[in-house]
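Survey of secondary and tertiary structure
Read off the chains here:
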Amino acid sequence: MSALGPHAGYILAAYASVVMILGGLILMIWRDHRAQRQALDALEQRGAGRRSGKALS
Amino acid sequence: MSGAFLAILKRDLALATRAGGGGELALVFFLTLVVLVPFALGPDLNLLSRIGPAILWLGALLATLIGLDRLFQGDEEDGSLDLIRASALPLELAVLAKGLAHWLTTGLPLALAAPLLGLLVALPAEAMLPVAGTLLVGTPALSFIGATGAALTASLKRGGLILPILVAPLTVPVLIFGVSASNSALGGTVPFLTPFLILCALSLATLVLGTIAAAAALRQAE
Amino acid sequence: MASLIELANPTRFMHLSSRLLPWLVGAAALLLAVGLYLAFFVAPADYQQGETIRIMFVHVPAAWLALMFYSMMAISALGTLVWRHPLADVAQKAAAPIGACFALVCLITGALWGKPMWGTYWVWDARLTSVLVLFLIYLGIMALWRTLDDPSRAGRAVAILTLVGFVNVPIIKFSVDWWNTLHQPASVFRAGGPTIHPAMLWPLLILAVGFTLLALALHLVAMRAEIMRRRVRTLTIFEAERLDRLTAEAAI
């Protein structure tokens, strides 16, 4: 890693941007998934499920 | 069938040209844009004449796209779109009539006015005719690509900026070939006819595809 | 075909995807780790481009994924319009932000690669410009999703836009090529075998597969979230109607 040559800054910046963009995407999708899961669980606990309480896996 | 087609065409032409129709607004907007450019670039006539075709094309593109969101919205609001959907005329032909009326009231005047506005950006005399010609064959493509976007956003209460965002990337080929055909009249290695014929092909293809896509979008929105 | 019909059932999809996800994430993490190790410590520097060739290992897979996700969206759009497949517009909606992110990664890494190689962050060359236009189309599709609130109607409208864009992408590519070409010619899948050094090809392929698996895993999670969002929506409406009925009965 020490020998990235004269353009090390650009290479590291490129990989940092990849980590930031993909990390942000992963975080966004994961949090959305969790929020919907919680909303669904809350609704089903109140007995709003149409399928007689059979939860989604 | 052609009676219904002509009726829609006539109605839209009448709506656009009578008071409050806003058919002339695109032309005024075009003029305003072309006047604004030298204020941004400076009054250097050499520079302006070199990029003149590009300025005119960009102006025409924006002037066409800005007003397009009203193409189907008025009909959607007052219910005439439901009548058109229910009529015996295929929806594709109705869209074709409306697109044609839009082109006759915006694209055609823009193309005819382009040589006059060309004077403002010191367009050389030999480039006047090519610019007007490319706009004449290129603006139908803009109208019909735009018609698809207008059909997709017909039921939105706040259309506005979404239509240009959807449609502008799709107009890239028209812009490229329109400007390069106009520029070829100013010299360069490309003969005029090559980009001009591709531009004609693009226009004809969007005439068909845009009409079909717009009609499909209107059907989905029911 | 039977399995496809089974998959069409959202409940069945939720079940299968929850079993598939750990494997997908594990394989993606493994391949990405191996690929990055090879890319940084094993692959030699290019004799022309020096160490900056290491940017290629993320730039090329990102470009490929941006295109692949758009193709997937076009297929989903057909599924929405022709077969009215219940999962098709879910798949399409979940794919748009992922494809847009990979297009953005491709653009940014391309710019950071271009600065040391060409001396400028951005050149208006054919390929970069095409990816930029593709990114704009992605943004338009996401904007349309946000403005239409009824999911099934939005799905059909976006499907039409996606297909129109899909027809347009090759035309845009052709016209942008015509307009300007400055990039190096395609060198990985050229006829007559790859021309890049095998020591570079291996990390590239491993990383490409790793990023693809990661993107597919993200797509599955986003689809699951979207299915649950729709179920929450329907259940909320049901619940509101039930409460409405209860108060109406109590009033009598």
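This is a predicted model, so every value here is computed, not measured.

**Regarding the overall build of chain A**
For chain A, the count of helices and strands is 1 helix and 0 strands. By residue count, 28% of the 57 residues in chain A fall in the buried class. Roughly 3,600 Å² of accessible area belongs to chain A as shown, and the carbon and sulfur atoms make up 61% of that amount.

**What to know about the overall build of chain C**
Summing up its helical and strand segments, chain C has 7 helices and 0 strands in all. Counting from the amino terminus, helix and strand elements in chain C follow one another as α-α-α-α-α-α-α. Out of the 252 residues in chain C, the part that is buried amounts to 51%. Here chain C displays about 12,000 Å² of accessible surface, and carbon together with sulfur accounts for 70% of that area.

**Here's the deal with the packing of aromatic side chains**
All names here are of chain C. In total, this model carries 6 aromatic pairs over all chains according to the counting rule given. Arranged with centres 6.5 Å apart and planes meeting at 80°, the rings of Phe-102 and Phe-211 form a pair that is edge-to-face. A residue pair is termed long-range when its members are at least 10 positions apart, and Phe-102 in helix H4 (residues 88-118) and Phe-211 in helix H7 (residues 198-251) qualify at 109 residues. Looking at Phe-102, the relative accessible area reads 2%, which means it is buried.

**Remarks on the interface of chain C and chain A**
Of the residues lining the interface, 41 residues belong to chain C; the matching set on chain A comes to 31 residues. Across the interface of chain C and chain A, roughly 3,600 Å² is buried in total on both sides, 76% from carbon and sulfur atoms. On the surface where chain C and chain A come into contact, there are 1 salt bridge. The salt bridge involving A:Asp32 is made with C:Arg229; its shortest N-O contact spans 3.0 Å. Elements supplying a minimum of two residues to the side of chain C that touches chain A: helix H2 (10-42), helix H3 (56-83), H4 and H7 of chain C. Looking at the side of chain C that touches chain A residue by residue, the classes come out as 27 nonpolar, 6 polar and 8 charged.

**What to know about the interface of chain B and chain C**
Across the contact, 26 residues belong to chain B and 26 residues belong to chain C. For the pair chain B and chain C, the two sides together bury roughly 2,200 Å², of which 80% comes from carbon and sulfur. Looking only at chain B, the three residues that lose the most surface to chain C are B:Leu152, B:Leu170 and B:Gln220, adding up to 28% of its buried area. Where chain B meets chain C, there are 0 salt bridges. Sorting the residues of the side of chain B that touches chain C by element identifies helix H7 (125-152), helix H8 (162-167), helix H9 (172-184) and helix H10 (193-220) of chain B as the ones contributing at least two each. A per-element tally of the side of chain B that touches chain C places H10(B) first, with 8 residues. Along the lines of polarity and charge, the residues of the side of chain B that touches chain C split into 20 nonpolar, 5 polar and 1 charged.

**Section: H3(C)**
Relative to the 40 Å expected for 28 residues at 1.5 Å per residue, H3(C) spans 39 Å between its end C-alpha atoms, a close match to the ideal helical length. One or two positions beyond H3(C), positive phi appears at C:Arg84, with a value near 50°.

**Considering a nonpolar patch on the surface**
Residue and element names in this part refer to chain B. There is a patch of nonpolar side chains on the surface, built from Leu-31, Val-35, Leu-36, Phe-39 and Leu-120 and spanning about 490 Å² of accessible area. For the nonpolar patch, the element with the most residues is helix H2 (residues 25-41), which contributes 4 residues. By secondary structure assignment, the location of Leu-36 is in helix H2.

**What to know about the nonpolar core**
One recurring pattern in soluble globular proteins: nonpolar side chains tend to sit buried together. Counting residues in hydrophobic clusters, the biggest one holds 141 residues, and the most contacted among them are B:Phe72, C:Phe57, C:Phe102, C:Ile141 and C:Phe211. The element best represented in this core is H7(C), accounting for 17 residues. In contact with C:Ile141, not counting residues within four places along its chain, are C:Tyr70, C:Met73, C:Ala96, C:Val158, C:Leu161 and C:Thr162.

**Some remarks on the confidence of the model for chain C**
Keep in mind that low pLDDT regions are not for reading the predicted coordinates in detail. Residues and elements named next belong to chain C. Per-residue pLDDT for chain C has a mean of 82; in total, 88% of the residues score no lower than 70. Per-element mean pLDDT across chain C ranges from 50 in helix H1 (residues 2-7) up to 90 in H3. Throughout residues 181-194 the model reports pLDDT below 50, and contacts reaching past four residues in sequence, or to other chains, amount to 20 contacts.

**Notes on the environment of B:Phe29**
All names here are of chain B. Along the polypeptide, Phe-29 turns up in helix H2. The spatial distance from the C-alpha of Phe-29 to the C-alpha of Ala-63 is 6.0 Å, given a sequence separation of 34 residues. When neighbours within four sequence positions are excluded, Phe-29 is seen to be in contact with Leu-62, Ala-63 and Ile-66.

**Thoughts on the environment of B:Phe30**
Residue and element names in this part refer to chain B. With respect to the element layout, Phe-30 can be found in helix H2. For the pair formed by Phe-30 and Leu-62, sequence separation is 32 residues and the distance between their alpha carbons is 7.8 Å. Once you skip the residues sitting within four places of it in the chain, Phe-30 turns out to touch Leu-56, Gly-59, Ala-60, Ala-63, Leu-110, Ala-114 and Leu-117.

**Concerning the environment of C:Phe174**
Considering the arrangement of structural elements, one finds C:Phe174 in helix H6 (residues 151-179). C-alpha separation for the pair C:Phe174 and C:Ala126, spaced 48 residues apart in sequence, amounts to 8.9 Å. Discounting residues that sit within four places of it in the chain, C:Phe174 has contacts with B:Phe177 and B:Ile198.

**Observations concerning the side chain of A:Ser17**
In this fold, A:Ser17 is placed in helix H1 (residues 8-45). A:Ser17 gets classed as buried once you look at its relative accessible area, which sits at 11%. Once residues lying within four places of it in the same chain are set aside, the contact partners of A:Ser17 are C:Ile108 and C:Thr109.

**Some remarks on H2(C)**
Residues and elements named next belong to chain C. The end-to-end C-alpha separation of H2 is 44 Å, in line with the 48 Å expected for 33 residues at 1.5 Å each. Of all bends in H2, the biggest is about 35°, found at Leu-20, and the proline Pro-22 comes one to four residues later. Along H2, the residues classified as buried are Phe-13, Met-14, Ser-17, Leu-21, Leu-24, Ala-28, Leu-32, Gly-35, Leu-38, Ala-39 and Phe-40.

**Structural notes on unusual backbone geometry**
In this model, B:Ala122 sits at a positive phi of 55°, which is unusual for a non-glycine residue. Locating B:Ala122 in the fold gives a position in the loop between helix H6 (91-120) and H7. On the basis of relative accessibility, which here comes to 26%, the residue B:Ala122 falls in the partly exposed class. Residue C:Arg84 is not a glycine yet carries a positive backbone phi of 50°. With respect to the secondary-structure elements, C:Arg84 resides in the loop between H3 and H4.

Basis of the calculations
Residues numbered from 1 in each chain as written. Chains lettered and ligands numbered in written order. Predicted model: local features only at pLDDT ≥ 70, side-chain atom pairs only at ≥ 80, totals over all residues. Heavy atoms only, no water. Helix = DSSP H or I, 4+ residues; strand = E, 2+ residues; numbered from the N terminus. Buried < 20%, exposed > 50% of the residue type's maximum accessible area, 1.4 Å probe, protein only. Areas by Shrake-Rupley, 256 points an atom, 1.4 Å probe, with all protein chains shown as cover. Phe/Tyr/Trp six-rings, centres within 6.5 Å; stacked < 30°, edge-to-face > 60°. Contact = heavy atoms within 4.5 Å. Buried area = accessible area lost by both parts, 1.4 Å probe. Salt bridge = Lys/Arg side-chain N within 4 Å of Asp/Glu carboxyl O. Nonpolar A, V, L, I, M, F, W, Y, C, P; charged D, E, K, R; others polar. Expected span 1.5 Å × (residues − 1). Patch = residues over 30% accessible without salt bridge, like charges linked within 9 Å, V, L, I, M, F, W, Y side chains within 5 Å. Core = buried A, V, L, I, M, F, W, Y, C linked by side-chain atoms within 4.5 Å. pLDDT = per-residue confidence, 0-100. Bend = angle between axes of the 7 residues up to and from the residue.

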